[in-house]
Every structure is written in C-alpha cells, then in structure tokens.
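Results of the structural survey
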Amino acid sequence: MADRFARTADRLAAHQDTRAVALADLVRTFVAPQGDERALDAGTGAGALAFALAPLVREVVGLDLVPELLALARARATAFGNVELVEGDATALPFADASFDLTATLRTLHHAARPELIVAELTRVTRPGGRVLVVDQLGAADPLHAIAVDRFEQARDPTHTRLLPEIDLRHLFEANGLALLRERHDDESRELGAYLDLAGCEGPAREAALALAPEGQDVYAARLGWYLLERR
C-alpha cells in the first residue's frame, strides 16, 4: 500500500488542494467543533482533513503510514500553527486511551484489510463524550453490485480492499458503543480517465480497470457517507 501512495503522492496532494475549500466548509458545518478540542486525523495522507479541522480546534494530530505523503503534509502545515504530523498505523494508534476530544478518518476504511480495527482504535483514543467522525465511500447493498464495484476499484488501485455498505458501518459503530449524532450522504460523479490517473493506473492495469468499470460508463457514480458519532 505504501509504495502505491508514495508513487502518486504529488497528484493526490494536488487533487486535495483543489478540494480544500469545499472540504473545510463541509467540516465546519457538519462537525461544528467547539474550538477547544484536541483532534486526530487518522490516515491523514497529505493532510486534507487535518487542515480542514485546524482553524476550528485547539490542535490537530495527523497520522499516516506513508512518509512521502507526510512530507507533503508538513510542507502545507506551515500555513497552520497547531498541526502535528506523525508516522503511524491507524489500526494500532500510538496514543493513550481517551487522549483526544475529536477523532476522524477520511476515505481510509476501504484501504484497510481490517477496517474494524480503525474504528476500534478511534474509539479507544477518544474520551467518553467525545466525537468520532467517519467518512468513506459506501458499498452497495446489492451484493453482486458491490462485488463488481470492488473488482473495478481493486483493478484501479491494488490498495483497495472492500467498500463497506452502510449496514456494516452501523454495526461497527454499535459494537464500539458509538451513538450516531448526524449523518449525510453525498453523490460524487467521477470522470473515469481522471479517476484512473489519480491512482497512477496505467498500461495493462488501466485496460483491465476500464473493462471492469461500473456499467461501462465514462462517468463513475459513487456515494460518500459522513457519520458524526459520540463515544458513550
């Protein structure tokens, strides 16, 4: 996984920059922090969510496994005075229990072989009464459709594991004692060529991905789920 993200770090960061203002606006209205929180962005990549949170909270720690992405995040973090970036694994967070007021992860669960560990770790390091934000692309409720989409995503990006349908996410939240405060769903239209470029999908791998593209269309429709939860 790390090798793939290292190869595409620059284009991922550039893509992040084009969406930074929209993400910041959405985080402000959806999460609505109080302003004094210590926050964690697990799987921060080039820092997209950490930087969206930074003006809204006391401090943010961004964690990622990929040094190349963290280097790009550190270069961008100079615009903020309250962001710390550390190398680490979201499935085994190097932080004490209940050490954050707000924890979050953005578009990371579908890259993890065991996404339940990420949710469990976010819960562990969040104080009782604190908030957990989970954002990821949702898997289809229809199992056959879900399998087809996952095959396409894996051909495009070998780090992809599986998109979780909403019911699986809700079970994970319940298993960790997380109470849902609010949710939203956003539909994204992705132009296939640009989407494949973003993953560095070229040559035979690109041809294979195109052959598996959902419905064989030039535009790929995806649904993103946002969940703000409270740790009981």
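This text gives an overview of the structure that appears in the document. What you see is a predicted model; the values in this text were computed from it and never measured. (Residues numbered from 1 in each chain as written. Predicted model: local features only at pLDDT ≥ 70, side-chain atom pairs only at ≥ 80, totals over all residues. Heavy atoms only, no water.)

Some words on the overall build of the protein
We count it as follows: For helices the rule is a DSSP run of H or I covering at least 4 residues; for strands it is a run of E covering at least 2, with both sets numbered from the N terminus onward. Radius of gyration here is computed from C-alpha atoms only, and the compact-globule reference equals 2.2 Å multiplied by the residue count raised to the power 0.38. Exposed residues in this analysis have more than 50% of their type's maximum accessible area, buried residues have under 20%, and partly exposed residues fall in between, with area computed by a 1.4 Å probe over protein chains only. For this analysis, residues touch if any pair of their heavy atoms sits within 4.5 Å.
Scanning the protein from terminus to terminus reveals nine helices and seven strands. The C-alpha atoms of the protein give 17 Å as radius of gyration, which agrees with the globular expectation for 232 residues (17 Å, within 12%). Referenced to the eigenvectors of the C-alpha coordinate spread, the extents of the protein come out at roughly 50 × 40 × 30 Å. Per-residue burial for the protein yields a buried fraction of 52% across its 232 residues. Here the contacts in the protein between residues at least 6 apart in sequence split such that 77% fall between residues at least 24 apart.

With respect to the pairing of strand E1 (residues 38-42)
Rule in force here: Between any two strands, at least two bridges found by DSSP are needed for them to pair. Handedness rule for crossovers: strands pointing away from the viewer, path from the first strand over the helix to the second running clockwise, crossover right-handed.
In terms of burial, E1 is a largely internal element, four of the five residues being buried. Pairing analysis gives five bridges linking E1 to strand E2 (residues 59-64), with the strands arranged parallel. Residue pairing across strands places Asp41 opposite Gly62, the latter belonging to E2. Considered for its hand, the β-α-β crossover made up of E1, helix H3 (residues 48-53) and E2 is right-handed. With three bridges joining them, E1 and strand E4 (residues 100-106) adopt parallel strand pairing. Residue pairing in the sheet places Asp41 in a bridge with Ala104 of E4.

Let's talk about the pattern of salt bridges
The condition that has to hold: Salt bridges are counted wherever a side-chain nitrogen of Lys or Arg sits within 4 Å of a carboxyl oxygen of Asp or Glu.
Scanning the model with the defined rule gives 19 salt bridges in all. Among the salt bridges present, the one from Arg127 reaches Asp101, with a minimum N-O distance of 2.8 Å. Of this pair, Arg127 sits in strand E5 (residues 126-137) while Asp101 sits in strand E4; the two residues are 26 residues apart in sequence, bridging distant segments of the chain. With relative accessibility at 17%, the residue Asp101 sits in the buried group.

Observations regarding the packing of helix H6 (residues 143-156) against helix H9 (residues 203-212)
Selection rule: Orientation is described by lines fitted to C-alpha atoms, with helices fitted over the stretch in contact, and by angles between N-to-C directions that extend from 0 to 180 degrees. Here the angle decides the label: under 35 degrees means roughly parallel, over 145 means roughly antiparallel, 65 to 115 means roughly perpendicular, and every other value means oblique. With the far helix as reference, a near helix turned anticlockwise by less than a right angle produces a left-handed crossing, and one turned clockwise produces a right-handed crossing. Polar here means any residue other than Ala, Val, Leu, Ile, Met, Phe, Trp, Tyr, Cys and Pro, which are nonpolar, and Asp, Glu, Lys and Arg, which are charged; Gly is therefore polar.
Remark: H6 packs on H9, axes separated minimally by 8 Å, with the N-to-C direction vectors making an angle of 165°. As far as their axial angle goes, H9 and H6 are roughly antiparallel. The handedness of the crossing between H6 and H9 comes out as left-handed. Only Ala205, Ala208, Ala209 and Leu212 of H9 make contact with H6, whose side of the interface consists of Ala148, Arg151, Phe152, Ala155 and Arg156. Taken together, the residues that form the contact of H6 with H9 break down as seven nonpolar, no polar and two charged.

Structural notes on the nonpolar core
We count it as follows: Here, nonpolar core means buried Ala, Val, Leu, Ile, Met, Phe, Trp, Tyr and Cys residues that are tied together by side-chain atoms lying within 4.5 Å of each other.
Ranked by internal contacts, the top residues of the largest apolar core, which has 29 residues, are Val27, Val60, Leu133 and Trp226. Listing elements by their share of this core, those giving two or more residues are helix H2 (9-31), H3, helix H4 (67-77), strand E3 (83-87), E4, E5 and strand E7 (219-231). Residue contributions to this core peak at six residues, all from H3. Setting aside chain neighbours within four positions, we find Val60 in contact with Ala39, Ala50, Leu53, Ala54, Asn82, Val83 and Glu84. Core analysis: the next-biggest nonpolar cluster, separate from the first, contains 25 residues, Leu40, Val86, Leu93 and Leu138 among them.

What about the sheet that holds E3?
Pairing is mixed across the open sheet formed by seven strands, whose spatial order is E3-E2-E1-E4-E5-E7-E6. Each edge of the open sheet is held by one strand with a lone partner, namely E3 and strand E6 (178-191). Between one strand axis and the next, the sheet turns by 15° as a mean value, whatever way the strands run. Sheet strands touched by helix H7 (residues 166-175): E5, E6 and E7. Its angle to E6, the strand with the most contacts, is close to 150°.

What to know about the layout of surface pockets
If a probe the size of a water molecule is rolled over the atoms, the empty space left behind becomes visible. Let me state the cut-off plainly: The pocket and cavity definitions rest on a 1 Å grid over protein atoms only: a 1.4 Å probe that fits but cannot leave marks a cavity, an open set with protein on both sides within 12 Å along at least five of seven lines marks a pocket, and residues lining either have an atom within 4 Å of a point. Grid points are joined across faces, edges and corners, and a volume is the space filled by probe spheres set on the points.
The computed volume of the second largest pocket comes to approximately 290 Å³. If you go around the second largest pocket, you meet 17 residues; those closest to its centre are His145, Val149, Tyr220, Ala221 and Ala222. Elements supplying a minimum of two residues to the lining of the second largest pocket: H6 and E7. No other element matches E7, which puts five residues into the lining of the second largest pocket. Looking at the lining of the second largest pocket, its residues break down into 10 nonpolar, four polar and three charged.

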